[in-house]
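# Topology and contacts: notes
What follows is each chain in one-letter form.
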Amino acid sequence: MAYVIWHLWRLTPGGWIPKLTVALLFLLWMVAAFASMGLRSRVPIPTITALYEVGHPWMIAYLYLLIAFVLADIGALAGLLPQNWLSGNGYTMAGLLGIISLVLLAGGIHYKHKYREELTIHTEKALSRPLTVFLASDLHLGYGNRKPELSRWVDLINAEKPDLVLFGGDVIDIQLRPLEEGNYASEFARISAPIYTVLGNHEYIGREADAEKFFAEAGITLLRDSVAYFEGLTLIGRDDRINRGRKALSQLAGGAEGYTILLDHQPYHLEEAEEAGIDFQFSGHTHRGQVWPISWLTDAMYEKSWGHHRRGNTRYYVSSGLGIWGPKIRIGTRSEYLVLHLVPESD
């Protein structure tokens, strides 16, 4: 933090007054970001919402300023960048801030577009009929993604006319308060298909008992280390791995019949699904880093951090999420949902 502020101070042209003004504005922006998280249970929802909208883009601005200043210092040390470009230079400052502002703006526009991923699987396993399943993860409903956004997503779901809707965890962004006061449950009631979900780490960071209460009000069936059946499908929902006492997948999948779909929020140890004979696993959690270059880190951390994958006879899809945590900005990643068509081989 001090490194970025020092560079901003050094780069700002003029005396100490403009330098101090820039440094204080940057600090106030940071305070808004952290206040939106620290005060969310103690101040009115409109206030927290405003702090979210204003403050959270700071996180990405800070990341890109840090990268820019590190690269600039390396360039200066290597003699590739004149020193006067980094000290009291209004042109450099205007160019840098202008580029970052455009990147943030483009990322915000990109986030609003929801990508439709489609997959058709033919199976020899017994299904009562061809089925269309809508799958999404990481809605992160709350102060960031609010009820009008949820309404738009419900319209996307209904447009697919799905037979079944599956959510892969992190439906709630930690705190239940905005969902209760805004009656978000009524939006889920507009979905005519059965809805199933599992807990994600954000439901645990909040309170899983609160999440259970909300899902019951919204007509969403919560699978916590449990199994459900739907027209030839076996739905297996694992509790989030934050629960160290969750059941082994082999225990949950034992004796499973028909086509099996596993919901497991965090895509660790994908070999477990293959070993348990799961047909299809759906996970989320990674957001694929949300913005570049964090996407490089998630790609290195996970066997598969985003997209289609296969191990033996097991198919996987790791979603980068329909919603987002924090700043509503996507750079080098996308917000998406999956439409899965399951077709009996006889058809």
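Predicted model, so just to flag it, every value in this text is computed and none were measured.

What follows deals with the overall build of the protein chain. Helix and strand counts for the protein chain stand at 13 helices and twelve strands. By principal-axis analysis of the C-alpha atoms, the protein chain measures approximately 75 × 45 × 40 Å. Counting across all 347 residues of the protein chain, residues that qualify as buried make up 53%. Across the protein chain, every contact between residues at least 6 apart in sequence was considered, and the portion connecting residues at least 24 apart equals 74%. When the accessible surface of the protein chain is summed, it comes to about 15300 Å², and 61% of that surface belongs to carbon and sulfur atoms. Considering the protein chain, the positive charge centre built from 31 side chains and the negative charge centre built from 36 side chains are found 7 Å apart.

Below, the discussion takes up the sheet that holds strand β4 (residues 195-197). Taken together, the six strands give an open sheet; going across it, the order is β1-β12-β2-β3-β4-β5, and neighbouring strands pair in mixed fashion. If you trace the sheet from one side to the other, it starts and ends with β1 (114-123) and β5 (220-222), each paired once. On average, each strand axis in the sheet is inclined to that of its neighbour by 25°, with strand direction left out of account. Alignment of β4 against β5, held across three bridges, turns out to be parallel. When the bridges of β5 are listed, T197 appears paired with L222. Its contacts with the sheet put helix α6 (residues 147-159) on β1, β2 (131-136), β3 (164-167) and β12 (335-344), and the angle it makes with β1 is roughly 35°.

So, about the sheet that holds strand β10 (residues 307-311). The mixed open sheet is built from six strands, whose spatial order is β6-β7-β8-β9-β11-β10. The open sheet is flanked by β6 (226-230) and β10, the only strands paired with a single partner. Mean inter-strand twist for the sheet, computed between neighbouring axes without regard to direction, equals 20°. Across four bridges, the pairing between strand β9 (residues 280-283) and strand β11 (residues 314-318) is parallel. Residue pairing for β11: Q281 is matched across the bridge by Y316.

We now examine the packing of aromatic side chains. Taken as a whole and assessed by the stated rule, the structure comprises eleven aromatic pairs. For the ring pair F26 and W58, a centre distance of 6.1 Å and an interplane angle of 55° mean the geometry is tilted. Taken as a pair, F26 in helix α2 (residues 16-38) and W58 in helix α4 (residues 57-77) lie far apart in primary sequence, 32 residues in all. Among the residues examined, W58 registers a relative accessible area of 5% and is labelled buried. Look at W292 and W296: their rings are 5.3 Å apart centre to centre, the planes differ by 85°, and that puts the pair in the edge-to-face class. The exposure class assigned to W292 is partly exposed, which follows from its relative accessible area of 36%. Feature note: the residues F26, F34, W58 and Y62 constitute an aromatic cluster, connected by ring pairs.

Thresholds, definitions, all that
Residues numbered from 1 in each chain as written. Predicted model: local features only at pLDDT ≥ 70, side-chain atom pairs only at ≥ 80, totals over all residues. Heavy atoms only, no water. Helix = DSSP H or I, 4+ residues; strand = E, 2+ residues; numbered from the N terminus. Buried < 20%, exposed > 50% of the residue type's maximum accessible area, 1.4 Å probe, protein only. Contact = heavy atoms within 4.5 Å. Areas by Shrake-Rupley, 256 points an atom, 1.4 Å probe, with all protein chains shown as cover. Lys, Arg positive; Asp, Glu negative; His and termini not counted. Charge placed at Lys NZ, Arg CZ, Asp CG, Glu CD. Pairing = 2+ DSSP bridges. Axes fitted to C-alpha atoms, helices over the stretch in contact; angles between N-to-C directions. Phe/Tyr/Trp six-rings, centres within 6.5 Å; stacked < 30°, edge-to-face > 60°.

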